[in-house]
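Each chain, written out:
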Amino acid sequence: MGLALEMASKASGQTGINPVVGCVVVKDGRIIGIGTHLKRGTGHAEVHALQMAGEEAEGATVYVTLEPCSHFGKTPPCSERIIAAKASRVVVASTDPNPQVSGSGIARLREEGIDVTVGVLEQRSQQMNEKFNKYITTKLPFVTLKTASTLDGKIASRTGDSRWVTGTEAREQVHTLRHQHEAIMVGIGTVLADDPLLNTRADVPAIDPVRIIVDSSLQLPLSARVVTDRSIRTIVLTSGRAATDKRLALEAAGVEVVACGTGEKVDLIEAMQKLGELEISSILLEGGGQLNGAMLEAGLIDKIILYYAAKIIGGNEAPGTFTFAGIEKMADAIQLDRVNVEMAGEDICVSGYPVYNN
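In this convention, every chain numbers its residues from 1, walking through the sequence in written order. The predicted nature of this model means local features are confined to residues of pLDDT at least 70 and side-chain atom pairs, given and counted, to a pLDDT of 80 or more, with totals for whole chains, interfaces and linings taken over all residues. The basis for every side-chain value is the complete set of non-hydrogen atoms in the structure, without hydrogens or water.

*Asks:* Can you lay out a nonpolar patch on the surface for me, pointing to particular residues and giving the numbers?
*Replies:* Patches draw on residues past 30% relative accessible area with no salt bridge. Two like charges within 9 Å are joined, as are two nonpolar side chains (Val, Leu, Ile, Met, Phe, Trp, Tyr) within 5 Å. The method behind every accessible area is Shrake-Rupley, applied with a 1.4 Å probe, and residues are considered shielded solely by the protein chains displayed. In what follows, salt bridge is the name for a side-chain nitrogen of Lys or Arg lying within 4 Å of a carboxyl oxygen of Asp or Glu. Residues Leu-3, Ile-31, Ile-34 and Met-52 make up a contiguous nonpolar surface patch of roughly 350 Å² in combined accessible area. The topology assignment puts Ile-31 in strand 2 (residues 30–36). Note on classification: 1.4 Å probe, protein chains only; a residue is buried when its accessible area is under 20% of the maximum for its type, exposed when over 50%, partly exposed between these limits. Owing to a relative accessible area of 51%, Ile-31 belongs among the exposed residues under this scheme. In this description a helix means any DSSP run of H or I spanning at least four residues, a strand means any run of E spanning at least two, and both kinds are numbered starting from the N terminus.

Below is the structure:
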């Protein structure tokens, strides 16, 4: 199962709204088949592994990181493929939260007399598919906030200079994070200040995420690189009061413009719902303090990854990681659960899951 999980993790970021899944087929102490789900619409991990095993799969044990599917989607059900291969035992890391499966794949295997064990390395499997698990049950994207700051919480100096807060290794990790998410989201302030491409770096093998820009009044210049570069899908979230002529100009340039709410600012809750409808299953939020603060206040951030450089720059006007009204009492602070701390070169990486009070 450890091998199956390791193989599955290598496909993180490639499967769209599908989960990452690995499978290993074992017989008489030998590995006779391995497989990974590589892309939505293509064969699942069990299919690849059983094809490799061939006729030897009869009487074998199938180790799979997620419950075999039992329904016809873009591909036939894997539970039926295992039954046809005449495997004698299936070991599953975790059940599939997809309402179309949710235990029915395991039940189908047991109906055919196959011995099924569930829960082996379950926690690792669930964490690996945390983005899929949220999206498939809520139709809302899993949002990971990533930010880099100095020890005193500044994401740029008082003059706006932010190159570079952290070192090379931390920045490389960020490009891997971009690859592992369906989309990257920033505010219009970031685009106006830096004119970024919002892609993955050329020397980090990866898939470019969809670009999402939060721009309530459609300030996005038609000359911005996120507009002129059409190699990556770009979505602009705006308010219902944004100028129609600018919207039409952006759409003519190939940008998707999505109005969220009827007020002067983007309704972020509605925005997440609409992005879910567009099959954006996960978002890496790389916003400035205002967007980060608004998303946190709305309870829309699922995971936080903070990179801290061993630097102090001060400055009352220097922007911070989160800008919002703030919490009045320390007892009501948003806490991080399952906190992990590790080094990223010379920088410190703190990650965890925010626990909201309401």
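*Asks:* Describe unusual backbone geometry, and please don't skip the residues or the numbers.
*Replies:* Residue Trp-164 is reached from Arg-163 by a cis peptide bond, and omega for that bond is -5 degrees. With respect to the helices, strands and loops of the structure, Trp-164 is situated in the loop between strand 6 (142–150) and helix 7 (168–179). Here Lys-86, not a glycine, exhibits a phi torsion of approximately 65 degrees, which is positive. If you trace the backbone, Lys-86 turns up in the loop between helix 3 (78–85) and strand 4 (89–94). Overall, the relative accessible area of 52% leaves Lys-86 in the exposed class. Although it is not a glycine, Ser-102 adopts a positive phi angle of roughly 40 degrees. Summarising the element assignment, Ser-102 is placed in the loop between strand 4 and helix 4 (104–111).

*Asks:* Would you mind going over the layout of surface pockets in detail, with residue names and values included?
*Replies:* Size it by volume and the largest pocket reaches roughly 1,600 Å³. Lining the largest pocket are 49 residues, and of these Thr-190, Asp-194, Glu-286, Gly-287 and Gly-288 sit closest to its centre. Elements with a contribution of two residues or more to the lining of the largest pocket: strand 6, helix 7, strand 7 (183–187), helix 8 (188–194) and helix 12 (289–297). The classification used treats Ala, Val, Leu, Ile, Met, Phe, Trp, Tyr, Cys and Pro as nonpolar, Asp, Glu, Lys and Arg as charged, and all other residues, Gly among them, as polar. Per-class residue counts for the lining of the largest pocket are 20 nonpolar, 18 polar and eleven charged. Only protein atoms enter the calculation, which uses a 1 Å grid: trapped sets of points that fit a 1.4 Å probe without letting it out are cavities, open sets showing protein on both sides within 12 Å along at least five of seven lines are pockets, and any residue with an atom within 4 Å of a point is a lining residue. Grid points are joined across faces, edges and corners, and a volume is the space filled by probe spheres set on the points. Estimated volume of the second largest pocket: approximately 940 Å³. Looking at the second largest pocket, it is lined by 26 residues, and the ones nearest its centre are Gln-127, Glu-130, Gln-180, Lys-303 and Tyr-353. Tallying contributions element by element places helix 5 (residues 122–128) first for the lining of the second largest pocket, with five residues. Tallied by class, the residues present in the lining of the second largest pocket amount to seven nonpolar, twelve polar and seven charged.

*Asks:* Account for the environment of Asp-347, with residues named and values stated.
*Replies:* Within the secondary structure, Asp-347 is located in strand 14 (residues 347–355). Between the C-alpha atom of Asp-347 and that of Thr-168, which follows or precedes it by 179 residues, the distance is 9.5 Å. Contacts of Asp-347, omitting those with residues within four sequence positions, involve Thr-166, Gly-167, Ala-170, Tyr-308, Ala-309, Ala-310 and Glu-342. Counted as a polar contact is a pair of N or O atoms within 3.5 Å, where, for protein atoms, one must be capable of donating a hydrogen and the other of accepting one, and residues adjacent in sequence contribute only when both atoms are in side chains. From its side chain, Asp-347 meets the backbone nitrogen of Gly-167 in a polar contact 2.7 Å long. By definition, residues are in contact when any of their heavy atoms lie within 4.5 Å.

*Asks:* Residues and numbers for the pairing of strand 13 (residues 335–344), please.
*Replies:* Strands are labelled as partners when DSSP assigns at least two bridges between them. Where strand 13 and strand 14 come together, eight bridges link them in antiparallel fashion. Bridging across to strand 14, Asn-340 finds its partner in Ser-351.

*Asks:* Give a detailed account of the sheet that holds strand 14, specifying residues and quantitative values.
*Replies:* Spatial strand order, 10-9-8-7-11-6-12-14-13: nine strands in an open sheet with mixed pairing. Edge positions in the open sheet fall to strand 10 (256–259) and strand 13, since each of these has one partner strand only. Across the sheet, the mean angle from the axis of one strand to that of its neighbour is 20 degrees, orientation sign disregarded. Pairing of strand 6 with strand 11 (residues 282–285), which is carried by four bridges, proceeds in the parallel orientation. Directly across from Val-143, in strand 11, lies its bridge partner Ile-283. A fitted line through C-alpha atoms serves as each axis, taken over the contacting stretch for helices, and the angle formed by two N-to-C directions is quoted from 0 to 180°.

*Asks:* Please set out the packing of aromatic side chains residue by residue, giving values where relevant.
*Replies:* Here a Phe, Tyr or Trp ring, Trp counted by its six-membered ring, pairs with any other such ring whose centre lies within 6.5 Å, and the pair is stacked when the planes are under 30 degrees apart, edge-to-face when over 60, and tilted otherwise. Under the counting rule described, the total for this entry stands at zero aromatic pairs. Ring-over charges, as used throughout, are those where CZ of Arg or NZ of Lys falls within 6 Å of the ring centre and within 35 degrees of the ring normal. Note that Arg-338 overlies the ring of Tyr-353, its terminal NZ or CZ placed 3.8 Å from the centroid.

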